[in-house]
Amino acid sequence: MKGDVSTRPLSGTLEWKIGQMLVVGFGPGEAGLASLRQTVDQTLAGNIILFSRNTIDAKTTSEITAHARDIIRNATGLAPLVAIDQEGGIVMRLRKGVVSIPGAMAQAAAFLGGGATLVDIERLGAACGADLAAVGVNWDLAPVIDVNVNPKNPVIGVRSYGEDPALVADLASAFARGLRSAGVMATAKHFPGHGDTTVDSHLSLPLIPHGIPRLEAVELLPFRRLIAEGVGSVMTAHARFPAVEPEALPATLSSKVIRGLLREKLGYGGLVCSDCMEMKAIAER
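Numbers given for residues are sequential positions, taken from 1 along each chain in its written order. Side-chain atom pairs in this predicted model are given and counted only at pLDDT of 80 or more, local residue features only at pLDDT of at least 70, and totals for whole chains, interfaces and linings cover all residues. Neither water nor hydrogens contribute to the side-chain values; these are computed over all heavy atoms in the structure.

Asks: Before we move on, can you summarise the packing of helix 6 (residues 165–181) against helix 8 (residues 220–228) with the specific residues and values?
Replies: Two elements in contact, helix 6 and helix 8, have axes separated by 8 Å at closest approach and are oriented at 30 degrees. As helix 6 packs across helix 8, the resulting crossing turns out to be right-handed. On the side of helix 6, the interface is formed by P165, A166, V168, A169, D170, A172, S173 and A176, while helix 8 contributes L221, P222, R225 and L226. Convention adopted: a line fitted to C-alpha atoms gives each axis, helices being fitted over their contacting stretch, and angles between N-to-C directions are expressed from 0 to 180 degrees. Only DSSP runs of H or I with at least four residues qualify as helices, and only runs of E with at least two residues qualify as strands; both kinds are numbered from the N terminus onward. Should the near helix be turned counterclockwise from the far one by less than a right angle, the crossing is left-handed, whereas a clockwise turn marks it as right-handed. Residues count as neighbours in contact if any of their non-hydrogen atoms are within 4.5 Å of one another.

Right, here's the structure in full:
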């Protein structure tokens, strides 16, 4: 599909609707922007995600984001959602020129024993959101609300607020409120819960074997809280939940998980996004 936006059919066409559901990454520098332009021309992809390769510092990130936004807007007629993984701690794609945000478990430690309050956690979220908004990012793929009940978990660990579902809900909710106050959409991840696994979904497909009562008491409790408070986005996990989906499908690809559990049972009406589709739990299956 080629052509100038002025001669191309836009909203309402099937390819435009599909494009609005896509979030794409791109390489660094001018070459990366050129590849993004080609991808958008071919697919009408309507949204982008930034990685460390795009975020040398705040100034560079702002410039890159502005160019990328123009590419999307010129091709689709709409400004994009611009996403980034800016959780704090070990997962911060943008580090130079922004406030250094401690990770979730460090925030929890400060709350439990260091005198920090929920207001302080909310202020951290607001500071993070203000930095992101200043460089043109409007969607943070945070906070992680997985309950870290398995000490052998190789991928969540310190990214979680801890092993107490109520504490996770309280602190994640505060951080999400802070992001929202800065005009940045928060993301509750990874639904229905990636905390009790010994497998990294970047490498293979985890299995969470618990029944519905246990999922309700632990994994789903923080999601219910953030959904009730209107969180803008929920990210699905590339993990199997046989109590919900008996087929050998990850939550990301299961209508029983997304439509049945998330939409209908939990009543979530916001944006649902997947974890990265290049992760081996998906890409190798």
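Right, picking up where we left off after that structure.
Asks: Quick rundown of the sheet that holds strand 3 (residues 82–84)? Include the residues and the values.
Replies: With parallel pairing, 4 strands are arranged side by side in an open sheet as 1-2-3-6. Unpaired on one side and paired on the other, strand 1 (23–24) and strand 6 (139–140) mark the two borders of the sheet. Running at roughly 160 degrees to strand 2 (residues 47–50), helix 3 (residues 58–76) makes contact with strand 2 and strand 3 of the sheet. By definition, two strands form a pair when at least two bridges between them are found by DSSP.

Asks: Could you give me a rundown of the environment of F223, with the residues and numbers involved?
Replies: Looking at the secondary structure, you find F223 in helix 8. With 78 residues separating them along the chain, F223 and I145 place their C-alpha atoms 7.3 Å apart. Setting aside residues no more than four positions away along its own chain, F223 makes contact with I145, A188, K189, H190, F191, P192, G193, V234 and L266.

Asks: Which residues make up unusual backbone geometry, and what are the values?
Replies: For residues that are not glycine, phi is negative in most cases, and the peptide bond is trans in most cases. Cis geometry is found at the peptide bond from A142 to P143, where omega equals 10 degrees. Following the sequence through the fold, P143 ends up in the loop between strand 6 and helix 6. For the peptide bond that leads from K189 to H190, omega is 10 degrees, which places it in the cis range. As for its placement among the helices and strands, H190 is situated in strand 7 (residues 187–191). Positive phi, close to 60 degrees, is recorded for L44, a residue that is not glycine. Here L44 is to be found in the loop between helix 2 (29–43) and strand 2.

Asks: Describe the confidence of the model for the chain, naming the residues involved and giving the relevant values.
Replies: Low-pLDDT portions of the prediction should not be read for the details of their coordinates. pLDDT is a residue-level measure of predictor confidence that goes from 0 to 100. Per-residue pLDDT for the chain averages 95, and the proportion of residues at 70 or more is 96%. Confidence drops under pLDDT 50 across residues 1–7; counting only partners more than four residues distant or on other chains, this segment forms 14 contacts.

Asks: So what's going on with the packing of helix 5 (residues 118–134) against helix 6? Residues and values would help.
Replies: Axis separation between helix 5 and helix 6 bottoms out at 6 Å; the angle between their running directions is 40 degrees. Relative to helix 6, the element helix 5 is oriented oblique. In this structure, the crossing between helix 5 and helix 6 has a hand that is right-handed. Residues L118, I121, E122, L124, G125, A126, C128 and G129 of helix 5 form the contact with helix 6, whose participating residues are D170, L171, A174, F175, R177, G178, L179 and S181. Three classes are used, and their members are as follows: Ala, Val, Leu, Ile, Met, Phe, Trp, Tyr, Cys and Pro are nonpolar, Asp, Glu, Lys and Arg are charged, and the others, Gly among them, are polar. Here the residues of the contact of helix 5 with helix 6 sort into 9 nonpolar, 4 polar and 3 charged. Should an angle lie under 35 degrees it is considered roughly parallel, over 145 roughly antiparallel, and from 65 to 115 roughly perpendicular; all remaining angles are considered oblique.

Asks: Lay out the sheet that holds strand 9 (residues 271–274) with the relevant residues and their values.
Replies: Spatially, 3 strands are ordered 7-8-9 in an open sheet, and the strand pairing comes out parallel. Since the sheet does not close on itself, it has two edges, and those belong to strand 7 and strand 9, each with one partner. The sheet shows a mean angle of 25 degrees between the axes of neighbouring strands, taken without regard to direction. Sheet topology places strand 8 (residues 233–236) next to strand 9; 4 bridges connect them, and they run parallel. Opposite M235, over in strand 9, you have C273 as the bridge partner. Set on the sheet, helix 8 makes contact with strand 7 and strand 8; between it and strand 7 the angle comes to about 150 degrees.

Asks: Can you break down the pairing of strand 8 residue by residue, with the values?
Replies: Only protein chains enter the accessibility calculation, which uses a 1.4 Å probe; a residue is then buried when its area is under 20% of its type maximum, exposed when over 50%, and partly exposed in between. Side chains S233 and M235 of strand 8 all project onto a buried face; the interleaved residues V234 and T236 project onto the opposite face, where all are buried too. Where strand 7 and strand 8 come together, 4 bridges link them in parallel fashion. When the bridges of strand 8 are listed, T187 appears paired with S233. Handedness of a crossover: with both strands directed away from the viewer, a clockwise path from the first strand across the helix to the second marks it as right-handed. On the question of chirality, the crossover connecting strand 8 to the parallel strand 9 by way of helix 9 (residues 255–265) is right-handed.

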